[in-house]
Protein chains: 2
Amino acid sequence: MKILVSNDDGIDSPGIYALSKALKEIGDVIVVAPLAEQSAVGHAITMQIPLRVTEYYKNNEFFGYAVDGTPADCIKMGIKNILKYQPDVVVSGINNGSNSAINIIYSGTVSAAREAAIMDVPSIAVSVASHKVDNYAFAGKVARNLTAEVVNKKLRPGTLLNVNIPNLPESEIKGILLTKQGKSKWDDIYEERIDPYGRKYYWLTGKMLPLDNTIEADQYAVMQNYVAVTPIHFDLTDYETFANMKSWNIENLFSLKENMFK
Amino acid sequence: MKILVSNDDGIDSPGIYALSKALKEIGDVIVVAPLAEQSAVGHAITMQIPLRVTEYYKNNEFFGYAVDGTPADCIKMGIKNILKYQPDVVVSGINNGSNSAINIIYSGTVSAAREAAIMDVPSIAVSVASHKVDNYAFAGKVARNLTAEVVNKKLRPGTLLNVNIPNLPESEIKGILLTKQGKSKWDDIYEERIDPYGRKYYWLTGKMLPLDNTIEADQYAVMQNYVAVTPIHFDLTDYETFANMKSWNIENLFSLKENMFK
């Protein structure tokens with residue numbers, strides 16, 4: 001089994017090292033990851049400037065390929081230019097910090113896995129819900145077992161699994177739940193500061209407000225000490241609204257022949 | 001009616017100027033747009049570095065606020081820090097180049113509108129399917145009329161309209177259709193070059209392969225000379241797979257009590 005591994009915290013992060021180690025127990029691991037941290041870059045890809053690839057060593061051993069771009073760049077570059085074949089599965093992580101609820105939209109970790117899904121490769125994104133992860137070993141085991149399960153059971157084309165894990169010892173984890181992207185909102189604050197030259201600048205801060213306290217909501221399941229596994233897809237069509245909007249009759253909204261656009 | 005306008009081509013692009021002009025016919029327009037081009041940045045937000053805001057003038061008149069960040073940054077900053085109230089609607093565009101099918105995922109134009117939807121503001125993304133737009137006036141009229149319609153008819157929370165317009169004179173447009181995100185794929189190529197110092201670098205190129213030739217697919221409708229209007233949502237949950245995965249019984253996959261994670 002060929003496993004392509006990436007992340008958004010950068011190739012030198014401890015999370016990708018732990019993930020790579022756990023996955024070597026079940027297959028051949030190829031690491032292609034960002035040279036620098038790429039948190040919150042979403043599904044950005046690099047088209048305005050070129051990319052470079054360098055070999056990256058850890059503890060004097062070849063660890064993988066570093067790309068000076070985004071997580072989605074790493075998957076495209078990894079499959080098209082480094083592997084030059086489709087891997088059996090892509091695993092992204094282990095991310096420091098939750099990628100549940102609305103954070104899925106902003107996440108580079110999830111976007112790497114989503115790029116794989118777009119390229120018809122089954123994939124998993126793995127995050128631990130803390131910016132100070134105490135122990136990557138449990139998350140590594142979850143990633144390893146779910147990876148084997150995904151390759152075995154298969155997902156429909158375009159689907160990936162987004163996995164969020166509480167930052168707790170294994171003994172305190174209550175179990176694993178199938179979940180949905182929970183409803184939530186960021187209460188954003190732009191903190192205003194003055195630079196040494198008297199000019200204003202702004203730092204984005206704030207906190208996430210969970211708006212869905214059912215056990216099927218990913219962020220709530222994690223708060224209740226469960227591992228949350230959410231299947232997501234890159235088809236953004238809102239089918240409910242698609243059905244409802246038929247009554248708008250938009251094709252008649254602007255009668256082109258009568259030049260209603262004036 | 002208060003209308004917040006943004007884009008991803010940058011505040012100095014002709015598309016946002018045309019959009020702003022068209023929307024002034026139906027409301028008060030406030031422009032908050034990226035200082036520099038931000039194509040293909042997806043839903044990136046800026047958290048690792050601070051942001052600055054500058055007033056931008058066009059033809060010696062105040063045009064709007066330029067933010068040195070991404071389209072999603074502009075919407076957050078525009079609502080939280082510049083307006084300090086919820087606008088009635090957000091309109092993003094007019095983008096040079098199609099944002100249909102899989103391009104929706106990579107688009108900064110769409111992500112600006114999606115950020116508005118996340119913040120509970122109805123929104124529309126508007127793109128013309130050409131990198132050399134001949135005439136923004138027709139797209140401006142479509143944007144203006146659909147904006148009025150969205151504010152009037154309302155969308156469900158979290159939904160935005162993604163609008164793609166053929167690059168044709170109004171007389172050649174066949175009509176307006178309600179569409180879905182069409183299936184498609186990029187055939188990516190990384191073009192290898194050598195820099196003046198002998199080092200390799202790679203440019204991402206390639207072409208989009210449409211995989212859905214039904215008139216309900218956004219990219220196909222545009223190819224057939226229709227304006228395509230696709231409702232999209234930020235809930236990425238794959239409900240079909242969520243239902244199917246119940247048979248996986250993942251809660252039993254790893255019996256935690258028996259320490260199967262070893």
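Residues numbered from 1 in each chain as written. Chains lettered and ligands numbered in written order. Predicted model: local features only at pLDDT ≥ 70, side-chain atom pairs only at ≥ 80, totals over all residues.

Description of the sheet that holds strand β7 (residues 159-165) of chain B
Residue and element names in this part refer to chain B. Pairing within the open sheet is mixed, and its 9 strands lie in the order β3-β4-β2-β1-β5-β6-β7-β11-β8. This sheet does not close on itself; its edge strands, each paired only once, are β3 (53-58) and β8 (175-178). Across the sheet, the axes of successive neighbouring strands diverge by a mean angle of 25°, strand direction being ignored. Taken together, the 4 bridges between strand β1 (residues 2-6) and strand β5 (residues 89-96) define a ladder with parallel strand orientation. Across the sheet, Leu-4 pairs through a bridge with Val-90, a residue of β5. In the packing of helix α2 (residues 71-83) onto the sheet, contacts are made with β1, β2 (28-34), β3, β4 (61-67) and β5, and the angle to β2 comes to roughly 130°. (Pairing = 2+ DSSP bridges. Helix = DSSP H or I, 4+ residues; strand = E, 2+ residues; numbered from the N terminus. Axes fitted to C-alpha atoms, helices over the stretch in contact; angles between N-to-C directions. Contact = placed C-beta atoms within 7 Å.)

Concerning the pairing of strand β10 (residues 200-210) of chain B
Residue and element names in this part refer to chain B. Sheet analysis places strand β9 (residues 184-194) next to β10, joined by 11 bridges and oriented antiparallel. Along β10, the bridge assignment pairs Asp-188 with Gly-206. Hairpin remark: β9 followed by β10, antiparallel, with 5 residues in the connecting loop; positive phi at Gly-198, about 85°.

A word on helix α1 (residues 14-23) of chain A
Residue pairs three or four apart in sequence face the same way in an α-helix, which turns once every 3.6 residues. All names here are of chain A. In terms of residue burial, α1 counts as a mostly covered element, since 8 of its 10 residues are buried. Along α1, the residues classified as buried are Gly-15, Ile-16, Tyr-17, Ala-18, Leu-19, Ser-20, Ala-22 and Leu-23. Residues of α1 that are buried sit in contact with β1 (2-6), β2 (28-34), β3 (53-58), β5 (89-96), β6 (123-128) and α5 (136-153). (Buried ≥ 20, exposed ≤ 12 C-beta atoms within 10 Å, placed from the backbone.)

What about the interface of chain A and chain B?
Each partner contributes residues to the interface: chain A has 66 residues there, and chain B has 66 residues. In terms of residue class, the side of chain A that touches chain B is made up of 37 nonpolar, 14 polar and 15 charged. (Nonpolar A, V, L, I, M, F, W, Y, C, P; charged D, E, K, R; others polar.)

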